[in-house]
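Residue-level structural notes
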Amino acid sequence: MTRLLLTKIPFFREIIVSSFSCEHCGWNNTEIQSAGRIQDQGVRYTLTVRAQEDMDREVVKTDSATTRIPELDFEIPAFSQKGALTTVEGLISRAISGLEQDQPTRRENEGAVAERIDEFIVKLKELKQVASPFTLIIDDPSGNSFVENPHAPRKDDALVITHYNRTLQQEEMLGLQAEAPEEKPEEEDIRNEVLQFNTNCPECNAPAQTNMKLVQIPHFKEVIIMATNCENCGHRTNEVKSGGAVEPLGTRITFHITDPSDMTRDLLKSETCSVEIPELEFELGMAVLGGKFTTLEGMLKDIRELVTKNPFTLGDSSSPGQTEKLQEFSQKLDQILEGILKAHFIMDDPAGNSYLQNVYAPEDDPEMKVEHYKRTFDQNEELGLNDMKTEGYETGLPAQR
């Protein structure tokens, strides 16, 4: 017959006690189970047993609890015994019974092992007499074990209770579902994927596709590149957007072009960046050519195309002197592209979102100078930062009904 009893332990919680007894052979057994859920944290009870009164303390030991006596280097692993409602003396008696159970078989097959276990059983029995103080540790990751404090609600100097966060192995041991891993792998997949969306060609208005991809530029930041290729008219364009916020300081990059190999350097020009070439007395304002991710050669060719194909500068209404100046400009620009003419290429971005590749990175480039400066009021005004309030913007707002 098995009897079940739901009972509450003072200063602890409710438990279910199951008691089994057999009328034929006289065998009986008592087990306990927690009537509540697994606790948010594990618990560790460290009891210093000094007197016989400590042996009479009530103990709730669940299946998942580990029992240790450091002085004897003795441990009862988790899930090796059923849960029990007993006393400290009862725990030791139960351990002694467990060790003595297979001793007859061991004496026949493994005499040396049986002798060592007999010696250890003697030490456990001596603990029950409390000839000298010893330490009992009950460590339960489920948080449902308990050691009585006879002085409750006052503090017990002999008992130390420690609550701790479970490890991943302890969570798995208790059969708890681990938290879903962060979706970083999925984010990485998105970053490595080229996204496509339908649009129309800006030249012929035919249906076309725009490809978009997030790109991490080494020693700089993440940018968004959008490229459109029209199969109908062959028009191709690319545009770049900064993937981050406006930097606290503006950036001015001064690069001295001295070798044809400089033309292969990667270049990121944001929409807020202006370009200057002093040797050509040339300056390109903000938003002209939009944002671009290209090479230095590609940027110079875009500048040449912008100037030479402008109908207002080389059309029928242009003056001869202006035409000669533009032809001279185009020739000097070709010389820079071929590496014949040395020149300075200056990028000034108040938002700090432009970039020119440093082939010596992480060391400094002897031909490139990067300056960070504080923006003026007018520059902040152009970027729309003067009217932007990011802190305390909720104060002063009318109450929501």
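Just so it is clear, the structure is predicted and the values come from calculations on it, not from any experiment.

1. Quick look at the sheet that holds strand β17 (residues 266-269)
The sheet built from three strands is open, its strands ordered β20-β17-β22 with antiparallel pairing. Two strands in the sheet have a free side with no partner beyond their single neighbour: β20 (292-295) and β22 (355-356). One ladder, built from four bridges, connects β17 with β20; its direction is antiparallel. Note that in β20 the partner of L267 across the bridge is T294. Contacts between helix α7 (residues 296-308) and the sheet are confined to β17 and β20, with β20 contributing the most and set at about 110° to the helix.

2. A short note on the pairing of strand β12 (residues 195-200)
Both β12 and strand β13 (residues 207-216) contribute to a ladder of six bridges, which runs antiparallel. Of the residues in β13, the one forming a bridge with F197 is T210. Between β12 and β13, which pair antiparallel in sequence order, lie six residues; one of them, N205, sits at a positive phi of approximately 65°.

3. Digging into helix α2 (residues 88-100)
Compared with an ideal rise of 1.5 Å per residue, which puts 13 residues at 18 Å, α2 spans 19 Å between its outermost C-alpha atoms and is within 8% of the ideal. Along α2, the positions that sit buried rather than exposed are V88, L91, I92, A95 and I96. With its buried residues spanning 135° around the axis, α2 presents them on a single face.

4. Topic: the pattern of salt bridges
If you walk through the whole model with that rule in mind, you get 15 salt bridges. In this structure, D139 engages R44 in a salt bridge whose closest nitrogen and oxygen atoms are separated by 3.1 Å. Here the residue D139 occupies a position in strand β9 (residues 134-140), and R44 occupies one in strand β4 (residues 42-49), the gap between them amounting to 95 residues. Judged by its relative accessible area of 25%, R44 is partly exposed. Between K369 and E371 there is a salt bridge, with the nearest N and O atoms lying 3.9 Å from each other. Classification of K369 by relative accessible area gives partly exposed; the value is 49%. A network of salt bridges, in which partner residues are shared, links R252, D348, K369 and E371.

5. A few points about the environment of A206
Along the chain, A206 turns up in the loop between β12 and β13. A relative accessible area of 12% means that A206 is categorised as buried. Note: C-alpha distance between A206 and E231 (25 residues apart in sequence) is 8.7 Å. Once residues lying within four places of it in the same chain are set aside, the contact partners of A206 are T199, N200, C201, C230 and N232.

6. Some words on the packing of α2 against helix α4 (residues 111-128)
Interaxial distance between α2 and α4 falls to 10 Å at its minimum, and their mutual angle equals 165°. Overall, the two elements α2 and α4 adopt an arrangement that is roughly antiparallel. Where α2 crosses over α4, the two elements pack in a sense that is left-handed. Counting all contacts with α2, which are made through E89, I92, S93, I96, L99 and E100, the residues of α4 involved are I117, F120, I121, L124, K125, L127 and K128. Tallied by class, residues from the contact of α2 with α4 come to eight nonpolar, one polar and four charged.

7. Examining the environment of L337
With respect to the element layout, L337 can be found in helix α9 (residues 320-338). Judged by relative accessible area, L337 falls into the buried class, the value being 14%. Sequence-wise, L337 and L300 are 37 residues apart; in three dimensions their C-alpha atoms are separated by 7.5 Å. Apart from residues lying up to four places away in sequence, L337 is in contact with M263, E297, L300, K301 and R304.

8. So, the packing of aromatic side chains
Across all of its chains, the model carries three aromatic pairs by this definition. The interplanar angle of 55° and the centroid separation of 5.6 Å between the aromatic rings of F20 and W27 together place this pair among those described as tilted. Residue F20 is classed as partly exposed on the basis of its relative accessible area of 30%. Taking 5.3 Å as the distance between ring centres and 45° as the angle between the ring planes, the aromatic pair formed by F74 and F120 counts as tilted. Taken as a pair, F74 in strand β7 (residues 74-76) and F120 in helix α4 lie far apart in primary sequence, 46 residues in all.

Cut-offs used in this document
Every chain is numbered independently, its residues counted from 1 as its sequence is written. With the structure being a predicted model, the display of local features is reserved for residues of pLDDT at least 70 and the display and counting of side-chain atom pairs for 80 or more, all residues being used for whole-chain, interface and lining totals. Side-chain numbers here rest on the full set of heavy atoms in the structure, without hydrogens or water. If DSSP finds at least two bridges between two strands, the strands pair. Only DSSP runs of H or I covering at least 4 residues are called helices, and only runs of E covering at least 2 are called strands; the numbering of each starts at the N terminus. Note on contacts: a residue pair qualifies if any of its non-hydrogen atoms lie within 4.5 Å across the two residues. Helix axes are fitted only over the stretch in contact, all axes being lines through C-alpha atoms; the angle between N-to-C directions runs from 0 to 180 degrees. Under the convention used throughout, the expected extent of a helix is 1.5 Å for every residue step, that is, one less than its residue count. A simple rule labels every residue: compare its accessible area, found with a 1.4 Å probe on the protein chains alone, to the largest value its type can have, and call it buried under 20%, exposed over 50%, or partly exposed in between. Note: the arc covers the axis-to-C-beta directions of the helix. Counted as salt bridges are all cases of a side-chain nitrogen of Lys or Arg within 4 Å of a carboxyl oxygen of Asp or Glu. An angle below 35 degrees is read as roughly parallel, one above 145 as roughly antiparallel, one from 65 to 115 as roughly perpendicular, and any other as oblique. Here a crossing is taken to be left-handed if its near helix is turned anticlockwise relative to the far helix by less than a right angle, and right-handed if that turn runs clockwise. Three residue categories are used. Nonpolar comprises Ala, Val, Leu, Ile, Met, Phe, Trp, Tyr, Cys and Pro, charged comprises Asp, Glu, Lys and Arg, and polar comprises the others, including Gly. Side-chain rings of Phe, Tyr and Trp, where Trp is taken by its six-membered ring, are said to pair if the distance between their centres is within 6.5 Å; with planes under 30 degrees apart they count as stacked, over 60 as edge-to-face, and otherwise as tilted.

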